[in-house]
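Coordinate analysis (summary)
Next come the chains, spelled out residue by residue.
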Amino acid sequence: MNSVNKEKWDTYLDLKPNAHILQTSAWGAFKQSHMWYPKYLLAGDAGAQILFRRLPLGLSFGYIPKGPVGKNWKKIILEAVSLCKQENAFVLYIEPDEWENENGSTFLETQGFDPSPISIQPRRTMVLSLTGNEDEWLKKMKQKTRYNIRLARKKDIVIKQSKDIELFNELIKVTGSRDKFGIHTAQYYNNVFKLFSNNQDCMLLIAEYNEIPLAGIMVFARGNRAWYFYGASNNLERNRMPTYLLQWEAMRWAVSRGCTEYDLWGIPDEDQDSLERNFISRSDGLWGVYRFKRGFGGEIKRTAGVYQKVINKPLYAVYSILTKMRKAQAQ
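The text that follows walks through the structure, step by step, so that each part is easy to find. Since we're looking at a predicted model, the values are computed, not measured.

**Considering the environment of Leu41**
- Along the polypeptide, Leu41 turns up in strand β2 (residues 36-43).
- Each C-alpha atom of the pair Leu41 and Ser3 lies 4.5 Å from the other, and the pair is 38 residues apart in sequence.

Written as structure tokens, this is what we have:
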């Protein structure tokens, strides 16, 4: 078993600057405070951080988020399945850091993995190119978005870099209540910000008017990519369009980190024709955020999704039944 410790994993990832941020040990440490625990594997040029979800009776399931890293996955996949057996995991989920129909997902199917019915990270997203100058960014945007960015400046919106995670938590409570979507606990945001801001891979940006906070976003960067994971706003001065200028400044921060792409992280999993046909009439789920994100002129992309290999069929069958029952009760 080519299992390694956190230090060796960090050394390996230092040689893979464009590996996804969900494969970093910081993400593993963050998830460790939320019912998961990480393990690290290396095999030749390939590596994987596997997160195991703790379940009753000493059971678990394994999940490789946005990995494996590197090339020549065959040995690392075999090692991952072996580690799952050792950890009493009845299924292994792998979510490659690839777009739909790229090589990794095809390879997984040759290794006994099937497309999974579950979704973990957003399947479809919008990616902005940060190449070129800022005028070129603006040209790619919808006219209304360009207008709103400039309006926010004219209406005295100020964007500040902040470490006030408690303020962000207050803002996101208002957002969740207003827009009727679930939010994480305050501890969740506290933990992720502390772990990633320590090495400056995360930035909290706050929009203010007359020193009154109006909105905030938490953005992450690694290698040539940046991601917008969490956003929040209160109900004050919304006509000043603070959220538009926030995204603009996040793009500028990403470029200062050497990024060439900015992933807006999550839109409805519909084809482009459907998105354009329905975005005005729908506001459920991710439709509301799509109306906002589409204005920035990014490219719609769909990830490879989740693949799974069942290791213990009877336990997986029981788990599937219980999961369906919980979902039915929640509806």
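Resuming the write-up.
**A short note on the sheet that holds β2**
- Pairing is mixed in the open sheet, where 7 strands are placed in the order β1-β2-β3-β4-β5-β14-β6. A single partner strand is all that each edge strand has here, and the edge strands are β1 (3-4) and β6 (114-115).

**Remarks on the pairing of strand β9 (residues 202-209)**
- Where burial is concerned, most of β9 is hidden: 8 out of the 8 residues are buried.
- Side chains Cys202, Leu204, Ile206 and Glu208 project from β9 onto one buried face, and the interleaved Met203, Leu205, Ala207 and Tyr209 project onto a second face that is buried too.
- Here β9 runs beside strand β10 (residues 212-222); their pairing, made up of 8 bridges, is antiparallel. Residue Cys202 lies in a different strand from β10, and its bridge partner there is Phe220.
- Two successive antiparallel strands, β9 and β10, enclose a turn made up of 2 residues, where Asn210 displays a positive phi of approximately 50 degrees.

**Focus: the packing of helix α7 (residues 165-179) against helix α8 (residues 186-197)**
- The contact between α7 and α8 brings their axes to 10 Å, and the two run at 140 degrees. The orientation of α7 with respect to α8, classified from their angle, is oblique. In this structure, α7 crosses over α8, and the sense of that crossing is right-handed. Contacts between α7 and α8 involve Ile165, Glu166, Phe168, Asn169 and Ile172 from the former and Ala186, Tyr189, Asn190 and Phe193 from the latter.
- Of the residues belonging to the contact of α7 with α8, the class tally is 6 nonpolar, 2 polar and 1 charged.

**Regarding α8**
- If you check α8, its first and last C-alpha atoms are 16 Å apart, about what 12 residues at 1.5 Å a residue would give, namely 16 Å.
- Residues of α8 that are buried include every one of Tyr188, Tyr189, Asn190, Asn191, Val192, Phe193 and Phe196, and no others.
- In the core, the buried residues of α8 are packed alongside α2 (25-32), β8 (157-162), α7, β9, β10 and β11 (225-233).

**Notes on the nonpolar core**
- Membership of the largest hydrophobic core comes to 39 residues, with the highest contact counts inside it found for Met141, Ile149, Ile217, Val219, Met251, Tyr262 and Phe296.
- Counting only elements with at least two residues in this core, the list comes to β7 (124-129), α5 (134-140), α6 (143-154), β9, β10, β11, α9 (242-256) and α11 (287-293).
- No other element matches α9, which puts 8 residues into this core.
- Contacts of Met251, omitting those with residues within four sequence positions, involve Leu128, Leu130, Trp137, Met141, Tyr262 and Phe296.
- Judged by nonpolar contacts, the second largest core, of 33 residues, contains Val91, Leu171, Phe196 and Trp227.

So, how was this worked out
- Residues numbered from 1 in each chain as written.
- Predicted model: local features only at pLDDT ≥ 70, side-chain atom pairs only at ≥ 80, totals over all residues.
- Heavy atoms only, no water.
- Helix = DSSP H or I, 4+ residues; strand = E, 2+ residues; numbered from the N terminus.
- Pairing = 2+ DSSP bridges.
- Buried < 20%, exposed > 50% of the residue type's maximum accessible area, 1.4 Å probe, protein only.
- Axes fitted to C-alpha atoms, helices over the stretch in contact; angles between N-to-C directions.
- Parallel < 35°, antiparallel > 145°, perpendicular 65-115°, else oblique.
- Left-handed = near helix turned anticlockwise from the far one by under 90°.
- Contact = heavy atoms within 4.5 Å.
- Nonpolar A, V, L, I, M, F, W, Y, C, P; charged D, E, K, R; others polar.
- Expected span 1.5 Å × (residues − 1).
- Core = buried A, V, L, I, M, F, W, Y, C linked by side-chain atoms within 4.5 Å.

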